[in-house]
Amino acid sequence: MNNYKTYVWSFLGRLSHWLLVVSFFTTYFTSFYEELLTLHVSLGIFVFGMLLKKIVWGLIGPRYARWSDYKFSLSELKFYFVEKVENRYREIHPGHNPASSWFAFLIIWIGIICCLTGFVLYGIQEGNGIFSFMNRNFYSLMHIYEDVHILLVYVLIVMIFFHISGVLVEQFYHKTNMVMAMVTGYKKAKGTDIKPRFWMIFWGSFYTFIFSLLFIYSYYIPNNIFIESKFEKIDYKVLHKDFQFECSDCHNLIPPHLLPKTSWIKLMNEQSDHYDEDLELEKNLVDSIEKYLVDNSAENSTREASFKILNELENSNRFTITETNYWKDTHKNIPKEVFKNDEVENKSNCVACHKDFEKGILSDSNIIYSKIK
Ligand code: HEC
Ligand code: HEC
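Residues numbered from 1 in each chain as written. Chains lettered and ligands numbered in written order. Predicted model: local features only at pLDDT ≥ 70, side-chain atom pairs only at ≥ 80, totals over all residues. Heavy atoms only, no water.

Structural notes on the coordination of the iron atom of ligand 1
For a metal with four tetrahedral donors the ideal donor-metal-donor angle is 109.5 degrees, while six octahedral donors give ideal angles of 90 or 180 degrees.
Then, number 1: Looking at the iron atom of ligand 1, the protein donor atoms are His-251 (NE2) and His-274 (NE2), and they sit 2.0 Å from it.
Then, number 2: For the iron atom of ligand 1, the 6 donor atoms in the first shell make angles of 86 to 180° at the metal, a pattern classed as octahedral. With a gap of 23 residues between them, His-251 in the loop between helix 9 (241–246) and helix 10 (261–269) and His-274 in the loop between helix 10 and helix 11 (283–295) connect regions that are remote in the sequence.
Then, number 3: For His-251, a relative accessible area of 35% puts it in the partly exposed group. (Donors = N, O, S within 2.8 Å, 3.2 Å for Na, K, Ca; no water. Tetrahedral: all angles 85-135°; square planar, octahedral: opposite > 155°, others 65-115°. Helix = DSSP H or I, 4+ residues; strand = E, 2+ residues; numbered from the N terminus. Buried < 20%, exposed > 50% of the residue type's maximum accessible area, 1.4 Å probe, protein only.)

Some thoughts on helix 3 (residues 74–86)
Then, number 1: The first and last C-alpha atoms of helix 3 sit 18 Å apart over 13 residues, in line with the 18 Å expected at 1.5 Å per residue.
Then, number 2: As for helix 3, its buried residues are in contact with helix 4 (98–126) and helix 5 (142–172). (Expected span 1.5 Å × (residues − 1). Contact = heavy atoms within 4.5 Å.)

What to know about the site of ligand 2
Then, number 1: Residues in close proximity to ligand 2 total 25 residues, the closest being Glu-34, His-331, Cys-350, Cys-353 and His-354.
Then, number 2: Here a nitrogen atom of ligand 2 and a side-chain polar atom of Trp-327 are 3.3 Å apart.
Then, number 3: His-331 is positioned such that a nitrogen or oxygen atom in its side chain is 2.8 Å from a nitrogen atom of ligand 2.
Then, number 4: Elements that contribute at least two residues to the shell around ligand 2 include exactly helix 12 (304–313) and helix 13 (325–330).
Then, number 5: The dominant element in the shell around ligand 2, judged by the number of residues it contributes, is helix 13, at 3 residues.
Then, number 6: Among the residues making up the shell around ligand 2, the classes are represented as 15 nonpolar, 6 polar and 4 charged. (Near = heavy atom within 4 Å. Polar contact = N/O pair within 3.5 Å; in protein donor to acceptor, adjacent residues only side chain to side chain. Nonpolar A, V, L, I, M, F, W, Y, C, P; charged D, E, K, R; others polar.)

Observations concerning the packing of aromatic side chains
Aromatic ring pairs are described here by two measures, namely the spacing of the ring centres and the angle between the planes.
Then, number 1: Applying the stated criterion across every chain, the model contains 27 aromatic pairs.
Then, number 2: The interplanar angle of 90° and the centroid separation of 5.6 Å between the aromatic rings of Phe-48 and Phe-119 together place this pair among those described as edge-to-face. On the criterion of sequence distance, the pair formed by Phe-48 in helix 2 (residues 37–60) and Phe-119 in helix 4 is long-range, its members being 71 residues apart. Taken individually, Phe-48 and Phe-119 each receive the classification buried, so the pair is uniform in this respect.
Then, number 3: Ring centres of Trp-67 and Tyr-70 lie 4.5 Å apart, and the angle between their planes is 35°; this geometry places the pair in the tilted category. As far as the burial class goes, Trp-67 and Tyr-70 line up, both buried.
Then, number 4: Among the aromatic side chains, those forming a connected cluster through ring pairs are Trp-67, Tyr-70, Phe-72, Trp-102 and Phe-105.
Then, number 5: Stacked on the ring of Phe-231, the Lys or Arg Arg-303 has its end atom at 4.2 Å from the ring centre. (Phe/Tyr/Trp six-rings, centres within 6.5 Å; stacked < 30°, edge-to-face > 60°. Lys NZ or Arg CZ within 6 Å of the ring centre and 35° of its normal.)

With respect to unusual backbone geometry
Then, number 1: For Asn-223, which is not a glycine, the phi torsion comes out positive at approximately 50°.
Then, number 2: Its location among the elements puts Asn-223 in the loop between helix 7 (198–220) and helix 8 (236–239).
Then, number 3: The backbone of Glu-280 shows a phi angle near 50°, a positive value even though the residue is not glycine.
Then, number 4: Position of Glu-280 relative to the elements: it lies in the loop between helix 10 and helix 11.
Then, number 5: A relative accessible area of 64% places Glu-280 in the exposed class.

Quick look at the coordination of the iron atom of ligand 2
Then, number 1: At the metal site, the iron atom of ligand 2 is ligated by His-331 (NE2) and His-354 (NE2), and these contacts range over 1.9 Å.
Then, number 2: Coordination geometry of the iron atom of ligand 2: the 6 donor atoms subtend angles of 88 to 179° at the metal centre, consistent with an arrangement described as octahedral. Taken as a pair, His-331 in the segment after helix 13 and His-354 in the segment after helix 13 lie far apart in primary sequence, 23 residues in all.
Then, number 3: Given the relative accessible area of 16%, His-331 is considered buried.

Digging into the site of ligand 1
Then, number 1: Close to ligand 1 lie 18 residues, the nearest being Cys-247, Cys-250, His-251, His-274 and Ile-321.
Then, number 2: In the environment of ligand 1, a nitrogen atom lies 2.7 Å from a nitrogen or oxygen atom belonging to the side chain of His-274.
Then, number 3: Side-chain polar atom of Thr-322 to an oxygen atom of ligand 1: 3.0 Å apart, as the coordinates give it.
Then, number 4: The dominant element in the shell around ligand 1, judged by the number of residues it contributes, is helix 10, at 3 residues.

Things to note about the environment of Phe-25
Then, number 1: Following the sequence through the fold, Phe-25 ends up in helix 1 (residues 11–30).
Then, number 2: Considered as a pair, Phe-25 and Ile-157 are 132 residues apart in the sequence and their alpha carbons are 9.4 Å apart.

Details of a positive patch on the surface
Then, number 1: A cluster of basic residues, Arg-318, Lys-328, Lys-336, Lys-340 and Lys-347, forms a positive patch on the protein surface.
Then, number 2: Here Arg-318 lies in the loop between helix 12 and helix 13.
Then, number 3: What makes Arg-318 partly exposed here is its relative accessible area of 37%. (Patch = residues over 30% accessible without salt bridge, like charges linked within 9 Å, V, L, I, M, F, W, Y side chains within 5 Å. Areas by Shrake-Rupley, 256 points an atom, 1.4 Å probe, with all protein chains shown as cover. Salt bridge = Lys/Arg side-chain N within 4 Å of Asp/Glu carboxyl O. Lys, Arg positive; Asp, Glu negative; His and termini not counted. Charge placed at Lys NZ, Arg CZ, Asp CG, Glu CD.)

Right, dumping it as structure tokens:
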């Protein structure tokens, strides 16, 4: 065993490494909670920034962080593993070895693609963020982005598992004290100490600061470009005063985009026997409201809910939303008692939990979660 010691990882390099670890896992855990979607996306922006930084750092950073110091030759990679098996106390290279070079390269690019599919998914599925313009005709492709996004996350997690195992083998079997390298910056290897230049430190700190600000901006500032929804509040009173007036008397107004054409036509045809109530609407009123509902039905909306309800109810003539599998499925985690408590009263009282429901807004960020506990 040798006693060489080389300073290889700069403070900023180590800081970025750990920031990436923490932000990646926090992003991962927030993905399990619908109500944390905004936080998930904001953290994703930070992870994305840290990954991009690694690419630039490889061009301008200190010696061992540079792409030119990475080893991508396959024969070197093979030799690395042969030596690892044959010589327990081999000398290690100060920078990236062939295995960690490939690892870093792959994790950066897979991570970047994973973030990008996430941003696109947020645009297509929710109609939110910079890619909200993609929430148009090809909404049906959304599940592909979702599958790719999730698949890549698990590829990353498996890779991280191998990375940690590799470091532990170095630490305890080869006794290279590898764990401490990412803490102190020193590696037990023969090489020249790095001396980060002022402008490197300046650029690196400035960049990290900017992405921290972007995270704060997207999470704390309402309606910013990374989060903003393309769906604005709809004032039905202005757009169709009769619909608003006649249909919000006994229950909250139900946005037309939540049912397909045929369901609305059926509902309006049966208006004299609407859940045992006679709406007593005159013919011209029925026609005009029906036309408005049909013109703005689920077929003409790119919202997630419209798409899913349409899939289920198309041509079925059914119009009780609360009886669709989609509705039951999205609400299955809410305890039954909640629908009977004083504030909610019954499950058709959508506004109790969906603030701005009567303005056509159904997004996750508009749900009043305190009502559900
Ligand atoms: C006289 C009272 C009354 C009026 C006015 C009224 N409804 Fe209803 N509506 C009901 C009742 C009662 C139900 C059964 C569900 C409930 O308890 O809210 C219902 C349910 C619905 C549902 C199914 C909701 C669900 O739970 O899935 C839709 C859709 C609906 N109404 C649309 C309309 C439309 C459109 C108008 C205007 C043309 C309208 N309603 C006017 C009484 C009314
Ligand atoms: C007791 C509170 C409550 C009531 C009442 C309620 N919802 Fe919800 N709704 C929720 C919660 C919570 C979610 C989010 C569930 C999740 O995604 O895990 C949700 C999700 C949804 C979604 C999916 C939105 C999305 O983008 O994922 C739709 C659509 C929806 N509700 C429609 C309705 C309609 C229509 C009504 C009235 C007939 C209604 N809800 C009544 C609490 C409620």
